[in-house]
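# Observations on the three-dimensional arrangement
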Amino acid sequence: MKAIVSIRRVARSCAWLALIAGVALVGSTAAQAEEDIRDIRGPKAVTESWMIPAVLAGAIVVAICGYIIWRRRHREAPLRNLTLAEKTLERLEETRPLLNPATAREFGIAASEVIRNYIEQRFGVIATQQTTEEFLQTLLQGSNETLARHRSLLAQFLQQCDIVKFAGASLAVADMESLFQSARSFVLETSETPAA
């Protein structure tokens, strides 16, 4: 019996110990809950290095300066406005690939059109809507001395172009080169400012 009594005492002691441990556990949980529920604190100071933003800002400044320097070195010269004679000479130069017997008709059409457009724009004389004979008659009746001085050159050039265009005649390369040079000379001689 003594053994049963001592077992009961041990059990009661263990129960009390468990109860005390449970209260202590609940107490510590309550303390933790109290710690969790606390008022908002001020912002915490974050100590970051100032080097990273400074290096990034420096890299951006260097990149912008590099771009500006590159842009200035590779800037194209501003394009100047071409004179009428320069534009006409460029258009006339574009007809150069047609200087062969197989494309004589196309050359005659293109070269004649370039010169007629030049005459209209430079001298204010209608040249593209008239036949060569009508145009030459207008030159005889007109008071433009520059065109009158070049009448024979224009007559030869335009009549040769008409023969190639309408009669289907073929020209040798040398003849087409001569036509090309006479058109070029006419533009250079009648231009308002010297063109190269």
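The rules we used
Residues numbered from 1 in each chain as written. Predicted model: local features only at pLDDT ≥ 70, side-chain atom pairs only at ≥ 80, totals over all residues. Heavy atoms only, no water. Phe/Tyr/Trp six-rings, centres within 6.5 Å; stacked < 30°, edge-to-face > 60°. Buried < 20%, exposed > 50% of the residue type's maximum accessible area, 1.4 Å probe, protein only. Patch = residues over 30% accessible without salt bridge, like charges linked within 9 Å, V, L, I, M, F, W, Y side chains within 5 Å. Areas by Shrake-Rupley, 256 points an atom, 1.4 Å probe, with all protein chains shown as cover. Salt bridge = Lys/Arg side-chain N within 4 Å of Asp/Glu carboxyl O. Helix = DSSP H or I, 4+ residues; strand = E, 2+ residues; numbered from the N terminus. Expected span 1.5 Å × (residues − 1). Contact = heavy atoms within 4.5 Å. Core = buried A, V, L, I, M, F, W, Y, C linked by side-chain atoms within 4.5 Å. pLDDT = per-residue confidence, 0-100.

## Digging into the packing of aromatic side chains
Taken as a whole and judged by the stated rule, the model has three aromatic pairs. Ring geometry for Tyr-118 versus Phe-123: centroids 6.4 Å apart, planes at 85°, classification edge-to-face. Here Phe-123 falls in the buried class, since its relative accessible area comes to 14%. Through successive ring pairs, a cluster of aromatic residues spans Tyr-118, Phe-123 and Phe-186.

## Considerations on a nonpolar patch on the surface
Together, Ile-60, Ile-64, Tyr-67, Ile-68 and Trp-70 make up an exposed nonpolar region whose accessible area comes to about 520 Å². By secondary structure assignment, the location of Tyr-67 is in helix α2 (residues 51–73). Owing to a relative accessible area of 48%, Tyr-67 belongs among the partly exposed residues under this scheme.

## Digging into helix α7 (residues 151–166)
Along its 16 residues, α7 runs 21 Å from first to last C-alpha, staying within 8% of the 22 Å computed at 1.5 Å per residue. Within α7, the full set of buried residues consists of Leu-154, Ala-155, Phe-157, Leu-158, Cys-161, Asp-162, Val-164 and Lys-165. Turning to α7, the residues buried within the fold contact α4 (104–123), α5 (132–141), α6 (145–149) and α8 (173–190). Positive phi shows up at Gly-168, right after α7, with a value of about 75°.

## Observations concerning the environment of Leu-82
Among the secondary structure elements, Leu-82 is positioned in the loop between α2 and α3 (84–93). Owing to a relative accessible area of 31%, Leu-82 belongs among the partly exposed residues under this scheme. If we skip the residues at most four places from it in the chain, Leu-82 touches Lys-87 and Glu-90.

## Let's talk about the nonpolar core
Soluble globular proteins: nonpolar side chains tend toward being buried together. Grouped together as the largest cluster of nonpolar side chains are 31 residues, with contacts concentrated most on Ile-115, Ile-119, Phe-135, Leu-147, Leu-154, Phe-157 and Phe-186. With eight residues, α4 is the single largest residue contributor to this core. Once residues within four sequence positions are removed from consideration, Phe-135 is found in contact with Ile-119, Val-125, Ile-126, Ala-127, Gln-130, Leu-154 and Leu-158.

## Re the confidence of the model for the chain
Predicted confidence across the chain gives a mean pLDDT of 77, with 76% of residues reaching 70 or more. In the model of the chain, helix α1 (residues 2–36) stands out as the element of lowest mean pLDDT, 55, in contrast to α3, which has the highest, 90.

## Considerations on the pattern of salt bridges
Applying the stated criterion across every chain yields a total of three salt bridges. Ionic pairing is found between Arg-96 and Glu-93, a salt bridge with its closest N-O pair at 2.7 Å. With relative accessibility at 38%, the residue Glu-93 sits in the partly exposed group. For Arg-96, the salt bridge goes to Glu-177, with nearest N and O atoms at 3.3 Å. Separated by 81 residues along the polypeptide, Arg-96 in the loop between α3 and α4 and Glu-177 in helix α8 bring together distant segments of the chain. Judged by relative accessible area, Arg-96 falls into the partly exposed class, the value being 30%. Through salt bridges with shared partners, a single ionic network connects Glu-93, Arg-96 and Glu-177.

## What about the environment of Leu-153?
Topologically, Leu-153 is positioned in helix α7. Judged by its relative accessible area of 23%, Leu-153 is partly exposed. Ignoring sequence-local partners within four residues, the contact set of Leu-153 consists of Ser-182 and Phe-186.

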